[in-house]
Amino acid sequence: GENVEQHPSTLSVQEGDSAVIKCTYSDSASNYFPWYKQELGKRPQLIIDIRSNVGEKKDQRIAVTLNKTAKHFSLHITETQPEDSAVYFCAATEWTGNMLTFGGGTRLMVKP
Amino acid sequence: DAEITQSPRHKITETGRQVTLACHQTWNHNNMFWYRQDLGHGLRLIHYSYGVQDTNKGEVSDGYSVSRSNTEDLPLTLESAASSQTSVYFCASSDNPFPGPVGDTQYFGPGTRLTVL
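Residues numbered from 1 in each chain as written. Chains lettered and ligands numbered in written order. Predicted model: local features only at pLDDT ≥ 70, side-chain atom pairs only at ≥ 80, totals over all residues. Heavy atoms only, no water.

*Asks:* Can you walk me through the overall build of chain A in this structure?
*Replies:* When helices and strands are counted, chain A shows zero helices and eleven strands. Counted from the first residue to the last, chain A has its helices and strands arranged as β-β-β-β-β-β-β-β-β-β-β. Expected size for 112 residues packed as a compact globule is a radius of gyration near 13 Å; at 13 Å, chain A falls within 12% of this value. Overall size of chain A, expressed as C-alpha extent along the three principal axes, is 40 × 30 × 20 Å. When contacts within chain A are restricted to residue pairs at least 6 apart in sequence, long-range pairs at least 24 apart make up 53% of them. On chain A, roughly 5400 Å² of surface is accessible, and the fraction owed to carbon and sulfur atoms is 48%. One finds the centroid of the 12 positive side-chain charges in chain A at a distance of 1 Å from the centroid of its 13 negative side-chain charges. (Helix = DSSP H or I, 4+ residues; strand = E, 2+ residues; numbered from the N terminus. Rg over C-alpha atoms; globule rule 2.2 N^0.38 Å. Contact = heavy atoms within 4.5 Å. Areas by Shrake-Rupley, 256 points an atom, 1.4 Å probe, with all protein chains shown as cover. Lys, Arg positive; Asp, Glu negative; His and termini not counted. Charge placed at Lys NZ, Arg CZ, Asp CG, Glu CD.)

In structure tokens form, the structure reads like this:
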């Protein structure tokens, strides 16, 4: 089955700096890679996703890059703000495109 | 508005009791999933369903069961609750037909915090 590794497990940045979270996956057939943000006590919510036919996707201050050859994808957050503080999860699908395997999560702390 | 709900939001039970957690979605999604979330383990898949009468085991299915009698609901049952099942449980749904050509967004419910004493 799919295995997703996520690094780092915690990340502390100053407000205004950039943050990068990296994930690797094992199944070369995986074709969908979402990122979820989870605030304390809340449900995970999708913030951005990328499909295997695209190398990069941006949405305002967040972007995701995908390297299929190396089987890794990354989340980039620019101009971080205190409200970006949360736990971020990456995920990848198995071959049917339905079941997600999640990484272990990254706790991002943005210091004012 | 369409949504996904879970009940109860908090539950305290005793070891050995049967517990059922409810999940209801009004999007008419084909696929429904149950996860548990524990510190240090992220989100782990318990069971999932790709449609009515379809159920499948996930990574951590021992001690849990599900049934899918309609599109909207996927209840999760703990047959004999154990302290190791103390966790936060999330239900999710997505619309991608099985098997799908490409992955689809999963939408999560608000979660149920279960404590087994």
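After presenting the structure, the write-up continues.
*Asks:* Help me out: how do you make sense of the state of the cysteines in this one?
*Replies:* As used in these notes, a disulfide is a covalent bond between sulfur atoms, one from each of two cysteines. Tallied over the full model, the rule gives two disulfides over all chains. Cys23(A) shares a disulfide with Cys90(A); S-S distance 1.9 Å. Its torsion about the S-S bond being -100°, the disulfide of Cys23(A) and Cys90(A) is classed as left-handed. One end of the pair, Cys23(A), is in strand E3 (residues 19–25); the other, Cys90(A), is in strand E9 (residues 86–93), and 67 residues separate them in sequence. Each sulfur in the disulfide pair Cys23(B) and Cys91(B) lies 1.8 Å from the other. In this structure the cystine formed by Cys23(B) and Cys91(B) twists about its S-S bond by roughly -70°; its chirality is therefore left-handed. Of the two residues, Cys23(B) is situated in strand E3 (residues 19–25) and Cys91(B) in strand E9 (residues 87–94); the sequence distance between them amounts to 68 residues. The exposure class assigned to Cys91(B) is buried, which follows from its relative accessible area of 0%. (Disulfide = S-S within 2.5 Å. Buried < 20%, exposed > 50% of the residue type's maximum accessible area, 1.4 Å probe, protein only.)

*Asks:* I tried to follow the side chain of Asn31(A) on my own but got confused; where do I start?
*Replies:* Residue and element names in this part refer to chain A. Of note, Asn31 is situated in the loop between E3 and strand E4 (32–38). On the basis of relative accessibility, which here comes to 9%, the residue Asn31 falls in the buried class. In terms of polar contacts, Asn31 uses its side chain to reach the side chain of Thr93, at 3.0 Å. (Polar contact = N/O pair within 3.5 Å; in protein donor to acceptor, adjacent residues only side chain to side chain.)

*Asks:* I would appreciate a short explanation of the sheet that holds strand E8 (residues 76–78) of chain B in the present structure.
*Replies:* Note: strands within a sheet are paired through backbone hydrogen bonds, in either parallel or antiparallel orientation. Residues and elements named next belong to chain B. With antiparallel pairing, the four strands of this open sheet are ordered in space as E1-E3-E8-E7. Where the open sheet ends on each side, the last strands, each with one partner, are strand E1 (4–7) and strand E7 (64–66). For this sheet, the mean inter-axis angle between neighbouring strands, taken without regard to orientation, is 20°. Relative to E8, E3 runs antiparallel, the two being bridged by three bridges. The residue of E8 that forms the bridge with Val19 is Leu78. (Pairing = 2+ DSSP bridges. Axes fitted to C-alpha atoms, helices over the stretch in contact; angles between N-to-C directions.)

*Asks:* Explanation requested: the sheet that holds strand E1 (residues 4–7) of chain A in the structure shown.
*Replies:* All names here are of chain A. As summarised here, the arrangement of the five strands in space is E1-E3-E8-E7-E6, forming an open sheet in which the pairing is antiparallel. Of all the strands in the sheet, just E1 and strand E6 (56–59) have a single pairing partner and so form its edges. The sheet shows a mean angle of 15° between the axes of neighbouring strands, direction not considered. Pairing geometry for E3 and strand E8 (residues 72–77), over six bridges, is antiparallel. By the bridge assignment, Lys22 is partnered in E8 with Ser74.

*Asks:* How should the packing of aromatic side chains be read in this particular structure?
*Replies:* Aromatic ring pairs are defined here through the distance separating the ring centres and the angle between the ring planes. Going through the model one piece at a time under the given rule, you end up with 16 aromatic pairs over all chains. Seen from their ring centres, Phe89(A) and Phe102(A) are 6.5 Å apart, and the 85° between their planes marks the pair as edge-to-face. Of the two residues, Phe89(A) is situated in strand E9 and Phe102(A) in strand E10 (residues 100–102); the sequence distance between them amounts to 13 residues. Residue classification places Phe89(A) among the buried residues on the basis of a relative accessible area of 3%. Its relative accessible area of 8% is what places Phe102(A) among the buried residues. Here the aromatic residues Tyr36(A), Phe89(A), Phe102(A), Phe33(B), Tyr35(B), Tyr48(B), Tyr50(B), Phe90(B) and Phe108(B) are joined through ring pairs into a cluster of three or more. (Phe/Tyr/Trp six-rings, centres within 6.5 Å; stacked < 30°, edge-to-face > 60°.)

So far we have only geometry, and geometry alone does not tell us how the molecule works.
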